[in-house]
Every structure is written in C-alpha cells, then in structure tokens.
Amino acid sequence: RIHMGRSIAHSFDGRTWSRHVRVSSSTDTDSVGGSRFPMSLQRLFSADAISLNLKASEKCEILKELVALLKLDPESEATLYKMLRRRETLGSTGIGQGIAIPHCRSTMVKRVHVAFGRKPQGVDFNAMDRKPVHNFFLIVAPAMDDWYLTVLATIAQFAKRPGIHDRLSRLE
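These remarks concern the structure in this document.

It is worth spelling out the pairing of strand 9 (residues 113-123) at this point. With respect to burial, strand 9 is a largely interior element, nine of its 11 residues being buried. Strand direction decides the pairing type here: strand 5 (residues 50-51) and strand 9, joined by two bridges, are parallel. Opposite isoleucine 50, over in strand 9, you have phenylalanine 116 as the bridge partner. The pairing of strand 9 with strand 10 (residues 133-142) spans seven bridges and is classified as antiparallel. Along strand 10, the bridge assignment pairs valine 123 with valine 133.

Below, the structure written as structure tokens:
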C-alpha cells in the first residue's frame, strides 16, 4: 500500500470530518450503493452521483449527464459543462481500457465532487486506445484545491488495474 500521509478535511451538510486519503494496491473494498470500489475511492462517491446506465450516446451529452449527477444549480452545471468541453479540446480524457476521467477546476464549486457513470454500449470518446469508453469518472474541484491532483491520480491508478473494465461492467 502507498499511504499519502495526509489528512484531508471535508465539509458535507455543514459537518466537517477528517479523512485519510490512501492509494491501496491491495484488494481492500467497501460497499457503496451496492457496488464495490476500493476503499480509497468508495468514500469519494455518494450513491446519487452514480449512474450505471447513462442515456447519452455522444461525448457532449455524456458530459452533460455526468455534470447533472452532481445536482448543482443550473448556472454551475452550465459553466462546468463548458469547462469540461474546453478541457476535452486540449486532449481526450479517455485513458483507454474503456475508461475516461473528465475533470476540471472551477470557482463554481466549494469542494471536490466526483461522479461515476457507465454506458454499457460504449461511446466514442476519442480515447487513447481508440476504443469506445464505457466507464466515466467525473472530477470537479475548486480552482485552488490541492486535493484535486490526488483524487485524479487515485482514480487513474485504479483505472489502470488489470481487469478493472470487467469489474466495472459487473457493478449493480
């Protein structure tokens, strides 16, 4: 296991707690909304920010649907959508193996938000391996948040594990 050695304070519904962020190379898992994610990732997701059957069939609509999972106000959602589209013009966040990690920083949010979406049929996301993307991890963070890169690295490391695409496709 690799321990990041850092305690992170988060605010949720007016409460604050500390959370130790860790990247685990073991198979430690906890249940989240009936799903199993590594312990280091499962704490990032709330059940209402997970969709196992995205409806959209094109990249832009997938981004909109992922942003909608965060349940922000319409102005924030519109701004984040534009920022994510702009980020995708710099290079696709499709990292291969059927996984994309669209991400951005914005003043529209006060804390890190993470959402997960799955499109069983896959979508052309211009991924590095040129294969359709089925699993999407959305990360949105405040502009000056130093935890953003840790979250991105944790999800990217998780996504590169052998057999992860098959495990994600079996989530219920």
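From this point, things continue past the structure.
What follows covers the pairing of strand 10. With 10 of 10 residues buried, strand 10 is to be regarded as a mostly interior element. Two strands pair when backbone bridges link them, and strand 7 (residues 99-100) and strand 10 are joined in this way by two bridges, in the parallel orientation. Considered in strand 10, the bridge of alanine 100 is made with phenylalanine 136. Note: strand 8 (residues 103-106) against strand 10, four bridges, orientation parallel. Bridging from a neighbouring strand, serine 106 pairs with proline 142 of strand 10.

Bringing the environment of alanine 156 into the picture now. By secondary structure assignment, the location of alanine 156 is in helix 4 (residues 148-159). Alanine 156 sits 56 residues away from alanine 100 along the chain, and the two C-alpha atoms are 9.1 Å apart.

A separate point is the pattern of salt bridges. By the definition in use, this model includes one salt bridge. Close ionic contact of glutamate 88 with lysine 59 constitutes a salt bridge, the shortest N to O distance being 3.0 Å. One end of the pair, glutamate 88, is in helix 3 (residues 74-90); the other, lysine 59, is in helix 2 (residues 59-69), with 29 residues separating them in the sequence. Accessibility assignment for this pair places glutamate 88 and lysine 59 in one class, buried.

This paragraph deals with the packing of aromatic side chains. Pairs of aromatic rings are described using the distance from one ring centre to the other and the angle between the two planes. What the rule picks out here adds up to three aromatic pairs. Between phenylalanine 125 and phenylalanine 136 the ring centres are 5.2 Å apart and the planes differ by 65 degrees, which places this aromatic pair in the edge-to-face class. Of this pair, phenylalanine 125 sits in the loop between strand 9 and strand 10 while phenylalanine 136 sits in strand 10, placing them 11 residues apart in sequence. The class for phenylalanine 125 is buried, based on a relative accessible area of 0%. Judged by its relative accessible area of 0%, phenylalanine 136 is buried.

What counts and how
- In every chain, residue numbers begin from 1 and rise along the written sequence.
- Under the rules for a predicted model, residues below a pLDDT of 70 receive no local features and side-chain atom pairs below 80 are neither given nor counted, while totals for whole chains, interfaces and linings still include all residues.
- Calculation of side-chain values draws on the structure's entire complement of heavy atoms; hydrogens and water are dropped beforehand.
- Exposure categories follow from relative accessible area, calculated using a 1.4 Å probe and restricted to protein chains: below 20% of the type maximum is buried, above 50% is exposed, and the middle band is partly exposed.
- By the criteria applied, helices consist of DSSP H or I runs no shorter than four residues and strands consist of E runs no shorter than two, each listed in order from the N terminus.
- Two strands are counted as paired when DSSP detects at least two bridges linking them.
- We count a salt bridge whenever a side-chain nitrogen from Lys or Arg sits within 4 Å of a carboxyl oxygen from Asp or Glu.
- Stacked, edge-to-face and tilted are the three classes for Phe, Tyr and Trp ring pairs, Trp counted by its six-membered ring, which pair at centre distances within 6.5 Å; planes under 30 degrees apart are stacked, over 60 edge-to-face, the rest tilted.

Any functional reading would require information beyond the geometric quantities listed.
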